Amino acid sequence: MRRAAAARAAGARTAPTRRTAPVRRTALGLLAAALLAGCGTGTPGAAPEASATPATTAPSGGTAAPDPSGGTAAPDPSRSPAGRTPEGTLLVADFGADTVTFVDPGPDGSGRGGAPIASVKAGTAPYGLVVGEDGRAWVATAEGVAVVDTRQRTRLALIPYATESGPVTTGEYRGGGMGIAMAPDGGHVYVGVNVPGGDGAVEVIDTATREVTGTARVGMRPFDVDVSPDGREVYATDHDSFDVTAVDADTLATRRMEVAPYGTEGGLGSWLKPHYAVVRPSDGALLLPFEGERLAVLDPRTGRVAVERMTAKTHQHGAALAPDGTLLVVGTGPIGPDDEEPSLTVRAPDGTERIVPLDGPHEDVAVSKDGRTAYVTGGFTRDGHWNGITVVDLDDEKSEPVRLAAGNRPLGISVL
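Residues numbered from 1 in each chain as written. Predicted model: local features only at pLDDT ≥ 70, side-chain atom pairs only at ≥ 80, totals over all residues. Heavy atoms only, no water.

Participant: Describe the packing of aromatic side chains, and please don't skip the residues or the numbers.
Facilitator: Tallied over the entire structure, the rule returns 3 aromatic pairs. Arranged with centres 6.1 Å apart and planes meeting at 85°, the rings of Phe95 and Tyr127 form a pair that is edge-to-face. Remark: Tyr127 occurs in the loop between β4 (115-121) and β5 (129-131) and Phe95 occurs in the loop between β2 (90-94) and β3 (99-104); sequence separation between them is 32 residues. Just as Phe95 is buried, Tyr127 falls in that class too. Where Tyr127 meets Phe223, the ring centres are 6.1 Å apart and the plane angle is 85°; that geometry is what we call edge-to-face. A residue pair is termed long-range when its members are at least 10 positions apart, and Tyr127 in the loop between β4 and β5 and Phe223 in strand β13 (residues 222-227) qualify at 96 residues. (Phe/Tyr/Trp six-rings, centres within 6.5 Å; stacked < 30°, edge-to-face > 60°. Helix = DSSP H or I, 4+ residues; strand = E, 2+ residues; numbered from the N terminus. Buried < 20%, exposed > 50% of the residue type's maximum accessible area, 1.4 Å probe, protein only.)

Participant: An account of the pattern of salt bridges is requested, with residue identities and associated values reported.
Facilitator: If you walk through the whole model with that rule in mind, you get 15 salt bridges. For Arg221, the salt bridge goes to Glu172, with nearest N and O atoms at 3.1 Å. Taken together, the residues span a long stretch of sequence, with Arg221 in the loop between β12 (211-217) and β13 and Glu172 in the loop between β8 (154-160) and β9 (176-182) at a distance of 49 residues. Glu172 matches Arg221 in its accessibility class, with the two residues each being buried. Across the pair Arg301 and Asp299 runs a salt bridge whose closest N-O atoms are separated by 3.1 Å. (Salt bridge = Lys/Arg side-chain N within 4 Å of Asp/Glu carboxyl O.)

Participant: Any details on unusual backbone geometry? Residues and values, ideally.
Facilitator: For Asp108, which is not a glycine, the phi torsion comes out positive at approximately 60°. For Asp108, the position within the fold is in the loop between β3 and β4. Positive phi, normally seen in glycine, also occurs at Glu291, with a value near 60°. Along the polypeptide, Glu291 turns up in the loop between β18 (286-290) and β19 (294-299).

Here it is, written out as structure tokens:
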């Protein structure tokens, strides 16, 4: 039944209206409501707290070899460069600690022989991050946006939110920053702020003054934030309200567009919600994967959604675009009896897909600047996370993914 429904949805074009869900979605909604855990529900405290495993917070201290089993690997000061951080270094947000970790990806970025080289204090439960051309990273934490000089590996500032999001806590449903993005000209950063139990906000930060200069109300739990290629609009992917909010970058006026290819039945108890999006440069469309079955293609000018078929058959989270337009989507693993195991979908611009199996749940993905390598973080917002990165060779389909221990429940990732 699930695969037949996916086939019927392929290529269908729908207006953003509320629709009745198929039987599969109703069953999964009941399962989600029963479990009261994970990304299916927005109930604060329903998910386990972030890992309490400590992370080394400076390049000083003992060394530790990478642990492919998923244990936390302390940064190795003998590998830490004395000057500027080398190009191609990976930066991950340690959701299970208060740090970001710099990771040597090994020769040619292959993951082999790589290891963490330093960690820097950021703030409580870091989630997403974005890095500007000037080498400064902007990290969404529970209490504010941390500014980190990635070249010298130091924190420069912590900018508090203007939006009241409750006590500073950890765990999947904590308040504070989630998705984060930068304007094409680097002048502003946009961060999605989760307000547990209510609508969230996108806050605008001036990168020169490091001050919040504006706030726009968006939907519930802004998992991801993206910016249009021309910088005129900002898009918040609102997980718990089944929609995307478009924010005018100049006036902060908003438009809400429903993106619910399975319908909205089940509300907070539904698993079938939008998580992450990417903006296609060629036409400005937003690509939002659902369940390894459906790719929602949102035209932000009209609010219309076209649905294309996907093949991984697994719950999906993080997404990224390679320079050639290849779409990379993280499959976190099954939420129903018909689902497949965790994977990385490699989807060519013509829609053909290659599915790369992953060992255990993962959360987000970044791609090397040459487009040849994908880096998938093992943090995951629910149970089953591990402390590392899976490295996937996108050119060699026969190569096995490499597991690289790094960070503490890493979620957001960027290639420096």
